[in-house]
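Structural overview
Each chain is listed here by its residues.
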Amino acid sequence: RYAFHDLLRAYAADKAQECDSQHGRRAAIGRILDHYLHTAAHAARLLRPDRQPDFAAPPSPGTCPERPGDHRQALAWFEAEHQVLLAATAFAADTGADSHAWQIPCAMSIYLYKRGYSHERVTVMGTALTAAARLDDELGQAVCLRGLGSACASTGDYDQAGAHLERCLSLYQRLGDRMGEAWTQQNLALLAERQGRYADGLAHSERTLCLYQATGHEAGQAEALNCVGWFHALLGDYQRARAFCEQSLALTARLDRCDFEYHAWDTLGYVELRLGNLARATAHFEFALGLCRDYGDRCDEAQILTHAGDAHHAAGELSQARQAWQQALAIYDTAHHPGAGKVRTKLASLHG
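Our subject in this report is the structure included herewith. (Residues numbered from 1 in each chain as written. Predicted model: local features only at pLDDT ≥ 70, side-chain atom pairs only at ≥ 80, totals over all residues. Heavy atoms only, no water.)

What to know about the pattern of salt bridges
For the coordinates displayed, the defined rule picks out 18 salt bridges. Two residues, Asp 294 and Arg 72, come together in a salt bridge whose shortest N-O distance is 2.3 Å. Placement of Asp 294 in helix α13 (residues 278-295) and of Arg 72 in helix α3 (residues 71-94) is noted, with a sequence separation of 222 residues between them. One salt bridge connects Lys 114 with Asp 297, and the closest N-O pair in it is separated by 2.6 Å. With Lys 114 in helix α4 (residues 98-115) and Asp 297 in the loop between α13 and α14 (298-314), this pair connects stretches of sequence that are 183 residues apart. Here Lys 114 matches Asp 297 in class, with each residue buried. Beyond isolated ion pairs, a larger network of salt bridges with shared partners links Arg 48, Lys 114, Glu 223, Asp 259 and Asp 297. (Salt bridge = Lys/Arg side-chain N within 4 Å of Asp/Glu carboxyl O. Helix = DSSP H or I, 4+ residues; strand = E, 2+ residues; numbered from the N terminus. Buried < 20%, exposed > 50% of the residue type's maximum accessible area, 1.4 Å probe, protein only.)

Remarks on the state of the cysteines
Simply put, the disulfide is a covalent bond whose two ends are the sulfur atoms of two cysteines. Taken as a whole and assessed by the stated rule, the structure comprises 0 disulfides. The structure places no disulfide on Cys 292, whose sulfur is separated from the nearest cysteine sulfur, that of Cys 299, by 9.6 Å. Taking the relative accessible area as the measure of exposure, Cys 292 reaches 0% and is therefore buried. (Disulfide = S-S within 2.5 Å.)

Some remarks on the packing of helix α5 (residues 118-134) against helix α6 (residues 138-155)
It is the contact of α5 with α6, at a shortest axis distance of 8 Å, that shows an interaxial angle of 160°. Compared by their axis directions, α5 and α6 come out roughly antiparallel. Crossing geometry of α5 relative to α6 is assigned as left-handed. Where α5 abuts α6, its residues Ser 118, His 119, Arg 121, Val 122, Met 125, Gly 126, Ala 128, Leu 129, Ala 132 and Ala 133 lie against Gly 140, Gln 141, Val 143, Cys 144, Leu 145, Gly 147, Leu 148, Ser 150, Ala 151, Cys 152, Ser 154 and Thr 155. The residue makeup of the contact of α5 with α6, split by class, is 12 nonpolar, 9 polar and 1 charged. (Axes fitted to C-alpha atoms, helices over the stretch in contact; angles between N-to-C directions. Parallel < 35°, antiparallel > 145°, perpendicular 65-115°, else oblique. Left-handed = near helix turned anticlockwise from the far one by under 90°. Contact = heavy atoms within 4.5 Å. Nonpolar A, V, L, I, M, F, W, Y, C, P; charged D, E, K, R; others polar.)

Focus: the side chain of Gln 186
Within the secondary structure, Gln 186 sits in helix α8 (residues 178-194). Apart from the residues lying within four places of it in its own chain, the contact partners of Gln 186 are Arg 51, Thr 208, Tyr 212, Glu 223 and Cys 227.

Limitation: the analysis is restricted to geometry and does not speak to function.
Structure below.
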């Protein structure tokens, strides 16, 4: 965001060497890395409160992290500092600040996911995993493997995604971290969905639900209930799918601000679409879109737009179908998402 002319940068570096002690320079570097780490961690908790464990040590004295007030301010901060966070990660890795080199990427991972920066996420989470391995930090490695596996799945590299997630699951099980295990089971379910292994996805989702129930994590239960419903829908059991989604929404209604609620409305829309209730399906998709856009989840928005286009197409509303699919394709293409191919095929069918 801020730049020096090369000559001014060189002059400033010379003056720092001349005027500041080595200890003072290291302390300043620590403060700026802590500033970005702790601001990013706070912003990430606003974007996804139920998925952001506290893993960072307290900031060094003199550090002044920013405090975004809500999820919109958190997204705006990430947008403004996006390139700086990438540079801070690379700098930390190059200078041996390995705790920052894995924790900053993990803190910004939810933002990269929401905005569809999948390839970028693969790169930074790879850097993070290497740094956590250098520290022999098993929990750090588990957190990084989950983010890296999720990112690989988003880019279509399913073999790597599976390998990372299975290794992650083993680490969480060895550590006795049942929450981490639940999150990883959910990632494995989403990977199975991308590969068309719907029965496996259902099994992973049911295991996720059991783990969340065992830990008493209600937000996780609400999300997992929808995931179980979604896989029942994909397997053609629409009545059970609807029942699980309704349980998810009933639990969500008791909780404060759940950024995954739109998934349940999308699932209900899909169920109604498959049952031929096209007006109801379209209404559910529109409601899901409004929630999704409020939370800034770009690739999820593309998926809902694709489903909305399907509903319009089934109703013979070809212009609306084209518009929805074009919007979805624009998002997928920007993110280099593997879902683009299917949407492109749908658009081509309108001209067939």
